[in-house]
Amino acid sequence: MMSLCSFFLRKGDAGLQKNKSEKYNKILDSAGAVFAQFGFYKATISQIASRAGVADGTVYLYFKSKEDILYQFISFKTNSVFKKINAAVEKGRNAEEKLRQLIRSHMDEFQKDKNMAIIFQSEVRYFRDIQFQIKDISKMYLELLSDIIEQGQIEGAFRQDLFVGLVKRFIPGAVEGVIGTWVSADGGYDLVSMADPLVDLYLTGIREQ
């Protein structure tokens, strides 16, 4: 049976973990803002710490280096975005709806976090270690697309003669291009409004006539 002392100790541990988590997330968010504003190479630990409202040394309690911060930022964001995309896809009643949900959700997540969009466009492609790190998420994204395309074929909505391996790779590249254009335009328009036109263009090529 838990003693009163043990109860309060456990409550104290939970409070420490919560504070640790909050500080960790605050540093990550601050790093995202600093990386987006200055670029990874010009950004400094001091800038990140200052924005997070902590001492430089505190950053090193949670992260090994500036590179580690970037890796953990990317890892956290990719996992979070994929979970939301997957949840959105599950709301679709058929393959076409699922495809629209996937692309809308993908664009919506990047529109809501412009810093993330900038970092993915400007930093990720130049770091081989990060590309390897998000390989599993990329694989799951492509598998999700494969499932949608195959469902569309079963429903008779998509052509049977599609080369799924090629078709499923069109979407990530097209979405990345649209997001890149939006970032270059400094987010001056509604990114999500580009989702349906992109899907319509895509479906023109794969829809069963």
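Given the structure is predicted, the values throughout are model-derived calculations rather than measurements.

Conventions we followed
- Within each chain, residue numbers correspond to sequence positions counted from 1 in written order.
- Local features in a predicted model are, by the rule used here, given only for residues with pLDDT of at least 70; side-chain atom pairs are given and counted only at 80 or more, and totals for whole chains, interfaces and linings are based on all residues.
- Hydrogens are left out, water is left out, and the side-chain values use all remaining heavy atoms of the structure.
- Counting from the N terminus, the helices are DSSP H or I runs at least four residues long and the strands are E runs at least two residues long.
- For each residue, the accessible area found with a 1.4 Å probe, counting protein chains only, is set against the maximum for its type, and the residue is called buried under 20%, exposed over 50%, and partly exposed in between.
- With residues, only the protein chains shown are counted as cover, and all accessible areas are computed by Shrake-Rupley using a 1.4 Å probe.
- Salt bridges are defined as contacts in which a side-chain nitrogen from Lys or Arg sits within 4 Å of a carboxyl oxygen from Asp or Glu.
- Working definition of a nonpolar core: buried Ala, Val, Leu, Ile, Met, Phe, Trp, Tyr and Cys residues. They are joined through side-chain atoms within 4.5 Å.
- Every residue pair with non-hydrogen atoms within 4.5 Å of one another is taken to be in contact.
- Inter-axis angles, ranging from 0 to 180 degrees, are taken between N-to-C directions of lines fitted to C-alpha atoms, where helices are fitted over the stretch in contact.
- The labels follow the angle: roughly parallel below 35 degrees, roughly antiparallel above 145, roughly perpendicular from 65 to 115, and oblique for the rest.
- Should the near helix be turned anticlockwise from the far one by less than a right angle, the crossing is termed left-handed; should it be turned clockwise, right-handed.

Novice: Could you give me a rundown of the overall build of the protein, with the residues and numbers involved?
Specialist: Assigned secondary structure in the protein consists of 10 helices and 0 strands. The secondary structure elements of the protein, listed N-terminal to C-terminal, are α-α-α-α-α-α-α-α-α-α. Expressed as a percentage of its 209 residues, the buried residues of the protein come to 43%. Only carbon and sulfur atoms are counted for the fraction: they give 54% of the accessible area of the protein, which is about 12000 Å².

Novice: Kindly report on the pattern of salt bridges, identifying the contributing residues and their values.
Specialist: When the charged atoms of two side chains lie near each other, side chains of opposite charge can form a pair. Under the definition given, this model contains 11 salt bridges. Lys77 is paired through a salt bridge with Asp113; the nearest N and O atoms lie 2.7 Å apart. Of this pair, Lys77 sits in helix H4 (residues 66–89) while Asp113 is found in the loop between helix H5 (95–112) and helix H6 (114–122), placing the two residues 36 residues apart along the sequence. Of the two residues examined, Lys77 and Asp113, each falls in the buried class. The network of salt bridges with common partners includes Glu96, Arg100, Arg104, Asp196 and Asp200.

Novice: Lay out unusual backbone geometry in plain terms, naming residues and giving numbers.
Specialist: A positive phi angle is found at Asp186, which is not glycine, with a value near 60 degrees. Among the secondary structure elements, Asp186 is positioned in the loop between helix H9 (164–184) and helix H10 (195–206). By relative accessible area, which is 55% here, Asp186 ends up exposed.

Novice: Run through the nonpolar core, naming residues and quoting values.
Specialist: Core analysis: the biggest nonpolar cluster contains 61 residues, and Phe35, Ile69, Leu99, Leu102, Ile103 and Ile171 have the highest contact counts within it. The leading source of residues in this core is H9, at 9 residues. Beyond its immediate stretch of four places on either side in the chain, Ile171 contacts Leu99, Leu102, Ile103, Tyr141, Leu145 and Tyr202.

Novice: Please set out the packing of H6 against H9 residue by residue, giving values where relevant.
Specialist: Between H6 and H9, whose axes approach to 10 Å, the crossing angle comes to 115 degrees. The orientation of H6 with respect to H9, classified from their angle, is roughly perpendicular. For the element pair H6 and H9, the recorded crossing hand is left-handed. Residue-level contacts link Lys114, Ala117, Ile118 and Gln121 of H6 to Glu176, Ile179, Gly180, Trp182 and Val183 of H9.

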